[in-house]
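Observations on the three-dimensional arrangement
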2 protein chains.
Amino acid sequence: MTTPVIILSRPQLGENIGAAARAMKNFGLSELRLVAPRSGWPNEKANHMAVGAVDILERAKLFGDASSALADLQFVVATTARERGVTKPVLTPLEVVRQLRNAVAQGTRCGILFGSERAGLDNDEVSLATSVVTIPTTGFSSINLGQSVMLLCYEWFRFEDETPAVRIDHGPVAKKATREEMFQLFAHLEDELLKDGFLYPPSKETPMIRNLRALFNRADMTDQEVRTLRGVIVALAKGKYRKKPPEGA
Amino acid sequence: MTTPVIILSRPQLGENIGAAARAMKNFGLSELRLVAPRSGWPNEKANHMAVGAVDILERAKLFGDASSALADLQFVVATTARERGVTKPVLTPLEVVRQLRNAVAQGTRCGILFGSERAGLDNDEVSLATSVVTIPTTGFSSINLGQSVMLLCYEWFRFEDETPAVRIDHGPVAKKATREEMFQLFAHLEDELLKDGFLYPPSKETPMIRNLRALFNRADMTDQEVRTLRGVIVALAKGKYRKKPPEGA
């Protein structure tokens, strides 16, 4: 599937061009266009900041003005933090990504246009775009060029990302414990505590056991952890027998 | 409402500390803690990068190690891109924010812990946290410290942000056109086109009119734009009468 083109208009700092490329690669975008970069092109600082995303910089295309950089595109969103006196839909990043995903799926050539560090896009550049996206912030709004590119690329990726919300990382070997393994742990612990007199008086035995079981259930343990805890119980119980007898009964 | 504390453990570059403060302020977080910043504290480069968020740096608290920086917190999420051999829930940024919002609403003191630029959090530091958050990326994963802080702060803000997905920015004066204003525009245009013979032959009149109306409806115009377009029609029609008569019938 094609992805939106990122167009940086009159970027001033190589660092931001590099940061943009790096952000793009993290989040699956690959086509970068540059309109009249102030410090010339190629740019050593851009390469340095791009780290492993230099390939995106090497394939970046250079244009003299925004209208030629956008000419072959069909749906272009302009990023701006400023209010404009012109009627244009202002989208949230989530909404713009929803529209871009939808457009790309229909074969529409899409782009996201970013302005220069100093002043953003001018009104003429905004007038070349289909709509405007503004990153919502608190009253304090100060997001630099590289960061804006990253937030939009992140939203693009995030929209269809299927990473589970919660993934229990069990490491390379361990598996989630079965109920039986947990029941054996409970039995082992409760047996030792009973011998120890910890579950006395009998009226406290049941609530105490339930509380301990709840705690271990909440911990959502692996088979390996059950074995470790059973070793802990053995070690503690052994220590108790080893030290207590000489002094106690 | 309180917000999560951002804790940077052994940050190396002042620029990243400043970028973190700036990201925090954009997205409504305010409490920053620093564990043994490598270049000392205060840091001129941090102040420079923070721009208008220097107040967050000035209020930042300094700690000697991660455990003292986390001591008063109750729910701490460690950010890491690496797989660990230890069983811990790995959350997406959205899920971590859902849990943090929920925890904060219940009065739980929360924090998000970030490691150093070079190697991230070490295993000991991760073991001090409740769970782990990993920013999902493509196979290429290279997000720096300042950017990671920004993405997490962005997710925090975004979760309860109520900015409408699409907002039509009408500028300071214009209002969305009423249907009647649109009907008058249609009538004006269609009348001129009829006089012009553009809607000929009659079999084409209705589909042509419907297509033109659909186009203007899609543009979702303001009252000001209706007036402008009616002026355009007058100007074009007048021009036609002004030039054509000498040559034509």
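Up top you'll find the structure we're talking about.
These remarks concern the structure in this document. Computed from a prediction, not measured in an experiment: that's the story for all the values here.

Let's shift gears to the sheet that holds strand S4 (residues 75–79) of chain A. Spatially, the eight strands line up as an open sheet ordered S3(A)-S2(A)-S1(A)-S6(A)-S4(A)-S7(A)-S5(A)-S8(B), and their pairing is mixed. On the outer flanks of this sheet lie strand S3 (61–63) of chain A together with strand S8 (166–169) of chain B, each paired with one strand and no other. Each neighbouring strand pair of the sheet contributes to a mean axis angle of 30°, computed without reference to strand direction. Inspection of the sheet shows S4 of chain A paired to strand S7 (residues 131–133) of chain A by three bridges, in the parallel sense. Bridged to Thr-79 of chain A within S7 of chain A is Val-133 of chain A. Each of S4, strand S5 (88–91), strand S6 (110–114) and S7 of chain A together with S8 of chain B touches helix H5 (residues 93–105) of chain A; the most contacted strand, S4 of chain A, lies at about 160° to it.

Once that is clear, we can look at the pairing of strand S6 (residues 110–114) of chain B. Residues and elements named next belong to chain B. The element S6 is largely enclosed, with a buried count of five among its five residues. Residues of S6 alternate between two faces, with Cys-110, Ile-112 and Phe-114 on one and Gly-111 and Leu-113 on the opposite face, all of them buried. Sheet topology places strand S1 (residues 5–9) next to S6; four bridges connect them, and they run parallel. Each residue of the ladder has a partner; that of Leu-8, found in S6, is Phe-114.

Of the consecutive residues Trp-41 of chain A and Pro-42 of chain A, the connecting peptide bond is found in the cis state with omega at 0°. Note on placement: Pro-42 of chain A falls in the loop between strand S2 (32–35) and helix H2 (44–50). Phi at Ala-36 of chain B takes a positive value of approximately 40°, unusual for a residue other than glycine. Judged by its relative accessible area of 38%, Ala-36 of chain B falls in the partly exposed class. Positive phi outside glycine occurs at Asp-220 of chain B, with the angle close to 50°. On the basis of relative accessibility, which here comes to 29%, the residue Asp-220 of chain B falls in the partly exposed class.

With that settled, the discussion passes to the relation of the copies chain B and chain A. Of the transformation superimposing chain B on chain A, the axial component is 0.0 Å and the angular component is 180°, with the fit at an RMSD of 0.1 Å. Taken together, these values place the two copies in the relation of a two-fold axis. Interface overlap between copies is the fraction of interface residues in one copy that are interface residues in the other; for chain B against chain A it reaches 100%, indicating a shared surface.

Rules used in this analysis
Residues numbered from 1 in each chain as written. Chains lettered and ligands numbered in written order. Predicted model: local features only at pLDDT ≥ 70, side-chain atom pairs only at ≥ 80, totals over all residues. Heavy atoms only, no water. Pairing = 2+ DSSP bridges. Helix = DSSP H or I, 4+ residues; strand = E, 2+ residues; numbered from the N terminus. Axes fitted to C-alpha atoms, helices over the stretch in contact; angles between N-to-C directions. Contact = heavy atoms within 4.5 Å. Buried < 20%, exposed > 50% of the residue type's maximum accessible area, 1.4 Å probe, protein only. Least-squares fit on C-alpha atoms with pLDDT ≥ 70 in both.

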